[in-house]
Amino acid sequence: MDDEIAEAAGSREPTEFKKAPRRAVASGWVGSALEYYDFFVYATAASLVFPDVFFPKGNPKLAIIESLATYGVGYAARPLGAFFLGRWGDKHGRKNVLVACMLTMGCATFGVGLLPTYAAIGYLAPILLVILRLIQGFAVGAELSGASAMIVENSPFGRRGYYASYTLQGTQGGQLIAAGVFLPLYFTLSTSAMDSWGWRIPFLLSSIVVIVGYVIRRKVDETPAFKEEAAGGEIPKNPVYEAIRLSWPNMVRVICISLMNGVATLATTFGGTFATNAAYGVGMNTKLYLFIPVIGNAIAMVLIPYIGSLSDRIGRRPCIIVGSLGAGILAYPYLYFIGQDNVPLTIFFAVLMWGCIYQGYNAVFPSLFQEMFPTRTRVSSFAIAQNIGVLITAFLPSTYAAIAGPTPAACVANKKFLPNAIVNGTTCSHLAMGVHTHVLWVVGSITLGLAILSAIAAFTAKETFMIHLNDCGEEWAQPVSVEEYAKARLAAVA
C-alpha cells in the first residue's frame, strides 16, 4: 500500500516489518477523539450541570465540591487502568489494548446517561455516578500511551514528533465535539429541560462512539516494533516490574512533567465553575462560556501538528519548557478577568493560555514520553507514570472550590446571586470580591508552581528526538549526528 514505508536495512529502526504511519495516525486520532469525547462530556457536565442534578440542594459550596470531586474520581482510577491495561499492551500488543479501552469507556459513558438523579433515588445517584466514573477512568488509563505508541512505532525517523502530535490533536477534537454537543442543547433547551433530560443526550451518544471506534481500531495492524519484539521472544513476563526497576528515574520525570495537566483542569473545569456558578458571584452566561473550549480547541487543533513538527527540528525539551512556563504565568490574567466578569478578555486569555501556549507541552509530550522508554515496557511506563501525574492534578478543581470560595449559601437563592444580601454584617458583593482575589492568588500560584516543576523535570530529561527508536529508553543511547539526522528527516518528509 502507498502508506507503507520500510526503514533502511541495518538501521536502528525496526526493519523486519513495514511501517504504516498514516493508518496509525488515523486510528490514533479518531480513537482518541472518540474516547476523550466521552471523558470531556463528563468534565463539562460536572462543572455546569451535575451540582444541581446529582447532589442535594441548599449548600452550593458542598454541591460544587462534590460534583468536581466525582470528576477527579475518574482520574483516581486511571493509574489502576494504566497498570492492568498498560501491562496488557506490552504483553499482547498495542492494538488489543486500544480496542478494550474503547469498548469499556463507551459503555460506562452510556450508563451515565441512564442514571436516575438525586431527586429520584437520593444518595444512591451520586454513588452510581462515582462507580461509572471509576470505570471511565480505568478505561482511559492506557488510551494515550497505547495510541501514541501505535503512532510513534509506525513513524519514520525524524518525524516522530509530528506524527505523534496527532494523538493529542485527537483528544482536542474529542473536547471540541463534547463542547459542540452541549452548545446547541444549551441554546435550544430551557434550564429546567437541560437539568431534567437534556444533559443525558451527550452521554447516550456514546453508543455511536463504541461502534465507530471498534470498527476503526480493529482494522489497524500491530506495530512493527512490537512484532519484532514478539518474533525475537523479547516480550517481558512482567513489564510493569521491569519498567519500575529499569526506568524509574524517567517515570518520575514523566509524573512531574504531567503536572501540566493542572492548566487543562483550570481552563476546562474549575474555570467554568468559577465563571458561571452563582455562588461565586461572577455571573457569566453558561452558554457564552461554552465557547471557550470550542475556540481554544479549534485553535489547538491547528497548532498541534506545527508544534509537533517544530519539536522534530529543535527538540522536545525547549517546546515543553516554554509551553509550561508560559501557560502557568497566563493563569493569573485568566482568573483575574473572570473575577472582573470581563467576557472578551476572559476568552482571550483562556484561548492564549490553553489553546495556544499550553500546546508547547500538549503537542510534544506524546513523542517525548514514548521516546523515554524502551519498546518492551513502553506502554506500561508511559501509562503508569503519566496517569499518576494527572491524578495529582485531578482533584485540584474540588480542592480549589474548598480553599478558595465560593460565597456563603445565603448569597444564593434560586440559582441567582444576591449581591445586596447581608451575611455576618457584610454584603455578598463585598464577600464575592474577597473570594475573587483569593481565587486569583491561590489558584493562580498553584498553577504556576506546577508549571515550574514540569519545566524543571523536562530540563533534566535526556533529549530524545535524534535517537533511533530501537535505542530509545536505554541508558547508553546516543543521538545520531546532525548530518545523519538531517538526511533522515529529508527522506522522511519526502
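Attention here is on the structure that accompanies the text. What you see is a predicted model, and the numbers here were worked out from it, not measured in a lab.

On to unusual backbone geometry. Glycine aside, negative phi is the norm for most residues, and most peptide bonds take the trans geometry. Even without being glycine, aspartate 341 reaches a positive phi, approximately 55°. Looking at where aspartate 341 falls in the secondary structure, it is placed in the loop between α18 (316-339) and α19 (343-357). Here the phi dihedral of asparagine 424 falls at roughly 55°; this positive angle occurs in a residue that is not glycine. Looking at the secondary structure, you find asparagine 424 in the loop between β3 (422-423) and β4 (426-427). Its relative accessible area of 79% is what places asparagine 424 among the exposed residues.

So, on to the side chain of aspartate 312. Within the secondary structure, aspartate 312 is located in helix α17 (residues 291-314). Here arginine 316 takes part through its side chain, which lies 2.9 Å from a polar atom of the side chain of aspartate 312. Dropping the residues within four chain positions of it, aspartate 312 is found in contact with Gly158, Arg159, Arg160, Gly161, Tyr162, Phe465, Tyr485 and Arg489.

Quick look at the state of the cysteines now. Here the structure, examined in full by the defined rule, presents 1 disulfide. Two residues, cysteine 411 and cysteine 428, share a disulfide whose sulfurs are 2.0 Å apart. Given an S-S torsion of about -85°, the disulfide between cysteine 411 and cysteine 428 has left-handed geometry. Here the residue cysteine 411 occupies a position in the loop between α23 (396-403) and β1 (412-413), and cysteine 428 occupies one in helix α24 (residues 428-460), the gap between them amounting to 17 residues. With respect to class, cysteine 411 is no different from cysteine 428; both count as buried. The thiol sulfur of cysteine 319 is not disulfide-bonded, and the nearest other cysteine sulfur, from cysteine 356, lies at 15 Å. Looking at cysteine 472, it has no disulfide partner, and the nearest cysteine sulfur is the one in cysteine 319, 17 Å off. Given a relative accessible area of 1%, cysteine 472 falls into the buried group.

In terms of nonpolar packing, the biggest core is built from 110 residues, with Phe50, Phe54, Trp199, Tyr334, Met353 and Val439 touching the most fellow members. For valine 439, the residues in contact, after removing those within four places along its chain, are Phe270, Phe274, Tyr280, Leu335, Ala404 and Gly444. Counting residues in hydrophobic clusters, the runner-up holds 14 residues, among them Ala142, Ile151, Tyr162 and Tyr166.

A few words on the packing of aromatic side chains. Following the criterion strictly, the structure yields 21 aromatic pairs and no others. Ring centres 6.4 Å apart and planes at 40° place the aromatic pair phenylalanine 84 and phenylalanine 138 in the tilted group. Of the two residues, phenylalanine 84 sits in helix α4 (residues 78-92) while phenylalanine 138 sits in helix α7 (residues 124-140), which places them 54 residues apart along the sequence. According to the relative accessible area criterion, phenylalanine 84 is partly exposed, its value standing at 46%. Measuring from ring centre to ring centre gives 5.3 Å for phenylalanine 465 and tyrosine 485, while their planes differ by 80°; the resulting arrangement is edge-to-face. Note that phenylalanine 465 is positioned in the loop between α24 and α25 (482-493) and tyrosine 485 in helix α25, a separation of 20 residues in sequence. Comparing phenylalanine 465 with tyrosine 485, the two get one shared label, buried. Ring-pair connections join several aromatic residues into one group, and the members of that group are Tyr358, Tyr361, Phe365, Phe369 and Phe382. Positioned above the aromatic ring of tyrosine 163 is the side chain of arginine 159, whose terminal nitrogen or guanidinium carbon lies 5.8 Å from the ring centre.

Among all positions in helix α13 (residues 224-231), only Pro224, Ala225, Phe226, Glu228 and Glu229 are buried. Directly beyond the C-terminal end of α13, a positive phi value near 65° is found at glycine 233.

In the structure shown here, the tally under the stated rule is 2 cavities of 30 Å³ or more. Roughly 230 Å³ of internal volume is contained in the largest cavity. Every residue lining the largest cavity is counted, 20 residues in all, and those nearest its centre are Phe40, Asn261, Ala264, Tyr358 and Asn362. Mapped by element, the contributors of at least two residues to the lining of the largest cavity are α1 (21-48), α3 (60-76), α9 (160-188), α15 (261-276), α20 (359-362) and α22 (378-394). With 4 residues, the single largest contributor to the lining of the largest cavity is α9. Here the residues of the lining of the largest cavity are counted per class, giving 12 nonpolar, 7 polar and 1 charged.

Reading guide: rules and limits
- Residues numbered from 1 in each chain as written.
- Predicted model: local features only at pLDDT ≥ 70, side-chain atom pairs only at ≥ 80, totals over all residues.
- Heavy atoms only, no water.
- Helix = DSSP H or I, 4+ residues; strand = E, 2+ residues; numbered from the N terminus.
- Buried < 20%, exposed > 50% of the residue type's maximum accessible area, 1.4 Å probe, protein only.
- Polar contact = N/O pair within 3.5 Å; in protein donor to acceptor, adjacent residues only side chain to side chain.
- Contact = heavy atoms within 4.5 Å.
- Disulfide = S-S within 2.5 Å.
- Core = buried A, V, L, I, M, F, W, Y, C linked by side-chain atoms within 4.5 Å.
- Phe/Tyr/Trp six-rings, centres within 6.5 Å; stacked < 30°, edge-to-face > 60°.
- Lys NZ or Arg CZ within 6 Å of the ring centre and 35° of its normal.
- 1 Å grid on protein atoms, 1.4 Å probe; cavity = no way out; pocket = protein on both sides within 12 Å on 5 of 7 lines; lining within 4 Å.
- Points joined across faces, edges and corners; volume = space filled by probe spheres on them.
- Nonpolar A, V, L, I, M, F, W, Y, C, P; charged D, E, K, R; others polar.

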